[in-house]
Amino acid sequence: MKSKLWKLLAIFAVLSIVAVGCGGDDDDSSSSSSSESSSSESSSSESSSSEEAEEACELGRGVSDDMILFGSSQPMTGNLAALGEQAVLAMEVTKERINSGGGINGRMIDFIVQDDAYNPEKTVANAQYFIEQEKVFAIWASIGSAPLKAAMPIHNESETLTLFPWAQDLSFYDVTANPYFFSVNPSAYAQTFGFGKVLVETYGIDGIKVGLMTINSVDGQQTVDGFKDSVGGSALVDEQTWERDSTTYGPQILSFIDSGVTDVYIGTGDTQFAQFLLEADQLGLDARFWGSTGTISANSIELAGDLSEGAYGVNVISSANGDKPGLNEYREAMFEAGATEAQISTASLLAYTGGLVLEEGLTRAGDCLNTASLAAAFESITDFSTGGIMRPLNFSSENHLGNNDVIILQVQDGVWVEVENLG
């Protein structure tokens, strides 16, 4: 009996050990299964997050994995055609610099140019073509306030960035109204406001009588308003306007002679400025001549010859012929691209400088490139150096105009140079 009892106890003991062992195996299996499930869930979660991030990044119109397409409306015909050609060549230089370096974040850039002949109706048609048919990412380096102002509602409605144009209407700089507009070119108002200050500081208010020669456009009116609001405003004695298709400035020059002006501010392009100087000499107008940004080029000097000597320019950038690192790089790149001396000008230098800021903004925007990311990238730029072309540039969410300075140039020995002490 005892023998049977011990046998039964031994059997129970063995079964208990087996049960405990099996229970341990089950726990390990459960633990392993739980760990594998957790790891799988974690991996799935990471994959899902990555996919969501990719889905959250919606590339802008005109942006692909390897390309960014821009549009540019330019006066390629008409009496401002030289300015359009100069700007487009500078854009080509920017394109070559970026693409030869492998692009930005793996993307090359390209652009399409449409002629607007400085005609607002054509500029509007170009904007529709760029956005609706070509599907461009942004409008880059266009010329002219009146043409661009007509097209801005289309740009804004389609959330299309308007980048670094040569256009100076005051309304452009309203960030609330134009959140996608970025510029390095102060307004025509700011330029003549600064011009008035320079005149009074140099010659005194009693020693000047000023005549303004401006284009019959929004830019022209704001040019006049800027001077009237300056400390020199009371010295304004004559206002004259010119039309886009003007072939002579004789009537305006005769009016300035009758008014006895000592100083004439001429808001035109470089070829028109040269023509004005030639006609002023023929008609006997004796005054100091001050040109707007569009007059400052080697072309104006070549066309006017010795008559350009001593003429002044009210500019937003330094002389294109100055000896500064950024200017030297600009000229070298332009000449390599086939530029003539006449194309070393304000128009090409402004487009080139805008290209430097564009490159910086695209780099900062990163892989996920769209209107919002590029706008935020531009707004993050502070103390950006152009190598002496302009003062350091600063943008913010409240300010999309990076440059607010006026620089005075003068023709000396056949070259535009930056001057501080006026004669």
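Criteria and cut-off values
Residues numbered from 1 in each chain as written. Predicted model: local features only at pLDDT ≥ 70, side-chain atom pairs only at ≥ 80, totals over all residues. Heavy atoms only, no water. Helix = DSSP H or I, 4+ residues; strand = E, 2+ residues; numbered from the N terminus. Buried < 20%, exposed > 50% of the residue type's maximum accessible area, 1.4 Å probe, protein only. Salt bridge = Lys/Arg side-chain N within 4 Å of Asp/Glu carboxyl O. Contact = heavy atoms within 4.5 Å. Pairing = 2+ DSSP bridges. Axes fitted to C-alpha atoms, helices over the stretch in contact; angles between N-to-C directions. Patch = residues over 30% accessible without salt bridge, like charges linked within 9 Å, V, L, I, M, F, W, Y side chains within 5 Å. Areas by Shrake-Rupley, 256 points an atom, 1.4 Å probe, with all protein chains shown as cover. Disulfide = S-S within 2.5 Å.

Participant: Give me the lowdown on unusual backbone geometry, citing residues and values where you can.
Facilitator: Of note, A141 is a non-glycine position whose phi angle comes to about 65°, a positive value. Its place among the elements puts A141 in the loop between β3 (138-140) and α4 (145-157). The exposure class of A141 is buried, given its relative accessible area of 4%. Phi is positive for D383, which is not a glycine, with a value near 50°. Tracing the backbone through its elements, the reader meets D383 in the loop between α12 (371-379) and β11 (407-412). Residue classification places D383 among the exposed residues on the basis of a relative accessible area of 57%.

Participant: Tell me about the pattern of salt bridges, and name the residues and values.
Facilitator: Enumeration over the complete set of coordinates arrives at eight salt bridges. Here R97 makes a salt bridge to E359, at a shortest N to O gap of 2.9 Å. Of this pair, R97 sits in helix α2 (residues 81-100) while E359 sits in helix α11 (residues 346-365); the two residues are 262 residues apart in sequence, bridging distant segments of the chain. R97 gets classed as partly exposed once you look at its relative accessible area, which sits at 26%. Given the relative accessible area of 23%, E359 is considered partly exposed. Across the salt bridge formed by R288 and D263, the nearest N and O atoms sit 2.6 Å from each other.

Participant: Can you lay out the side chain of Q222 for me, pointing to particular residues and giving the numbers?
Facilitator: Tracing the sequence through the fold places Q222 in helix α6 (residues 218-228). Discounting residues that sit within four places of it in the chain, Q222 has contacts with Q168, D169, L170, A188, Y189 and T192.

Participant: So what about the sheet that holds strand β5 (residues 181-182)? Which residues, and what values?
Facilitator: Hydrogen bonds between backbone atoms are what pair the strands of a sheet, whose relative direction is either parallel or antiparallel. Judged by pairing direction, the sheet is parallel, and its five strands sit side by side in the order β2-β1-β3-β4-β5 without closing on themselves. Two strands in the sheet have a free side with no partner beyond their single neighbour: β2 (108-115) and β5. Two elements, strand β1 (residues 67-74) and β3, share two bridges in a ladder whose sense is parallel. Among the inter-strand pairings, F70 is bridged to a residue of β3, identified as A138. Strand contacts of helix α3 (residues 120-134): β1, β2 and β3, with the helix running at about 145° to β2, the strand carrying the most contacts. Here α12 sits on the sheet and contacts β4 (161-163) and β5; the angle it forms with β4, its principal contact strand, is near 40°.

Participant: Let's hear about a nonpolar patch on the surface: which residues, and what values?
Facilitator: On the surface, L254, I257 and L283 cluster together into a nonpolar patch covering about 220 Å² of accessible area. Checked against the element boundaries, I257 lands in helix α7 (residues 250-259). The exposure class assigned to I257 is partly exposed, which follows from its relative accessible area of 30%.

Participant: A description of the state of the cysteines should follow, citing residues and the corresponding values.
Facilitator: Taken as a whole and assessed by the stated rule, the structure comprises one disulfide. Across the disulfide, C57 is cross-linked to C368 (sulfur-sulfur distance 2.2 Å). On the sign convention where negative means left-handed, the S-S torsion of about 120° between C57 and C368 marks this disulfide as right-handed. Linking C57 in the loop between α1 (2-56) and β1 with C368 in the loop between α11 and α12, this pair joins segments that are 311 residues apart in sequence.

So yeah, pure geometry; function would need other evidence.
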